[in-house]
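Coordinates in review
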Amino acid sequence: MALTHARAERHRIQVRKGDQVKVMAGKDAGKSGRVLSVNATKNTVVVEHVSIIKRHTRPNPSKNVKGGIVEKEAGINVSNVMVICPSCGKHTRVGHTILPDGSKMRSCRHCKSTLDK
Ligand SMILES: [Zn+2]
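Conventions adopted
Every chain's residues receive numbers from 1 upward, in the order its sequence appears when written. Only residues with pLDDT of at least 70 get local features here, since the model is predicted, and only at 80 or more are side-chain atom pairs given and counted; chain-wide, interface and lining totals rely on the full set of residues. Strands are runs of DSSP state E lasting at least 2 residues, helices are runs of H or I lasting at least 4, and numbering of each runs from the N terminus. Our radius of gyration looks at C-alpha atoms and nothing else; its globule reference is 2.2 Å times the residue count to the power 0.38. Between the buried cut of 20 or more and the exposed cut of 12 or fewer other C-beta atoms within 10 Å of a residue's own C-beta lies the partly exposed class, and all C-beta atoms are placed from the backbone. Throughout, a residue-residue contact means that the two C-beta atoms, derived from backbone geometry, are no farther apart than 7 Å. Two strands are counted as paired when DSSP detects at least two bridges linking them. An automatic or database domain assignment supplies the start and end points of every domain. For this analysis, nonpolar core means a set of buried Ala, Val, Leu, Ile, Met, Phe, Trp, Tyr and Cys residues linked through C-beta atoms within 7 Å.

The subject of this paragraph is the overall build of the protein. Within the protein, the regular secondary structure consists of zero helices and 10 strands. Sequence-ordered secondary structure for the protein, helices as α and strands as β, is β-β-β-β-β-β-β-β-β-β. At 18 Å, the protein has a C-alpha radius of gyration far larger than the 13 Å of a compact globule built from 117 residues. Expressed as lengths along the three principal axes of its C-alpha atoms, the size of the protein is roughly 55 × 50 × 25 Å. For the protein, buried positions account for 17% of its 117 residues. Restricting to contacts in the protein with at least 6 residues of sequence separation, those with at least 24 account for 40%.

Below, the structure is given as structure tokens:
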């Protein structure tokens, strides 16, 4: 019996929804905001007030959609953002701390405090 594991070539995303992140590259470099959503397949995150795109929508009464221009955050690549540590306020790479009970927590590389609640 042969099992084939189709393993996608992707990194595990260290950024989570609700994190405060800083944009390091791209047209919104320097901005920071809260992560609204993470797309693990596309490796993108949607950050509040960052990378706003304008969408021209047609009215669709059955979906209760009004026509016009809608401003919406577009996803940016996770490699362009860094997590801001809530304890020391620096943007950091994400390290891991293994707790005595065996659970893994994300931690700040600067002050070693945990990024997860
Ligand atoms: Zn820190």
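Time to look at the pairing of strand 2 (residues 32–39). In this sheet, strand 2 lies alongside strand 1 (residues 20–23) in antiparallel orientation, the contact comprising three bridges. Opposite Val21, over in strand 2, you have Gly33 as the bridge partner. Note that strand 2 and strand 3 (residues 44–47) share four bridges and pair antiparallel. If you follow Val35 over to strand 3, its bridge partner there is Val47. Taking the residues that link successive antiparallel strands as the turn, the strand 2-strand 3 hairpin has four residues, and the phi of Asn43 there is positive, at about 60°.

This brings us to the domain arrangement of the protein. Each domain of the protein was delimited in the assignment, giving domain 1 (20–84) and domain 2 (92–117). Placing a centre on the C-alpha atoms of domain 1 and another on those of domain 2 gives a separation of 27 Å.

We now examine unusual backbone geometry. Positioned with a positive phi, Asn64 is a non-glycine residue whose angle comes to about 60°. Relative to the elements of secondary structure, Asn64 occurs in the loop between strand 4 (52–57) and strand 5 (68–73). Residues other than glycine seldom take positive phi values, yet Lys112 does so here, at roughly 65°. On the secondary structure map, Lys112 appears in the segment after strand 10 (104–108).

Next up on the list: the nonpolar core. One finds Val21, Val23, Val45, Val47, Ile76, Val81 and Val83 to be the most contacted residues of the largest nonpolar core, which totals 14 residues. Mapped onto this core, the elements with two or more residues apiece are strand 1, strand 3 and strand 7 (81–84). In terms of residue count, the dominant contributor to this core is strand 7 (three residues). Once you skip the residues sitting within four places of it in the chain, Val45 turns out to touch Val15, Val35, Val38, Gly75, Ile76, Val78 and Val81.

Further remarks concern the sheet that holds strand 2. Taken in spatial order, the six strands make up an open sheet running 6-3-2-1-7-8, and their pairing is antiparallel. The sheet terminates laterally at strand 6 (75–77) and strand 8 (91–92), the two strands that pair on one side only. As paired elements, strand 7 and strand 8 share two bridges and run antiparallel to each other. Within the sheet, the bridge partner assigned to Val83 lies in strand 8 and is Thr92.

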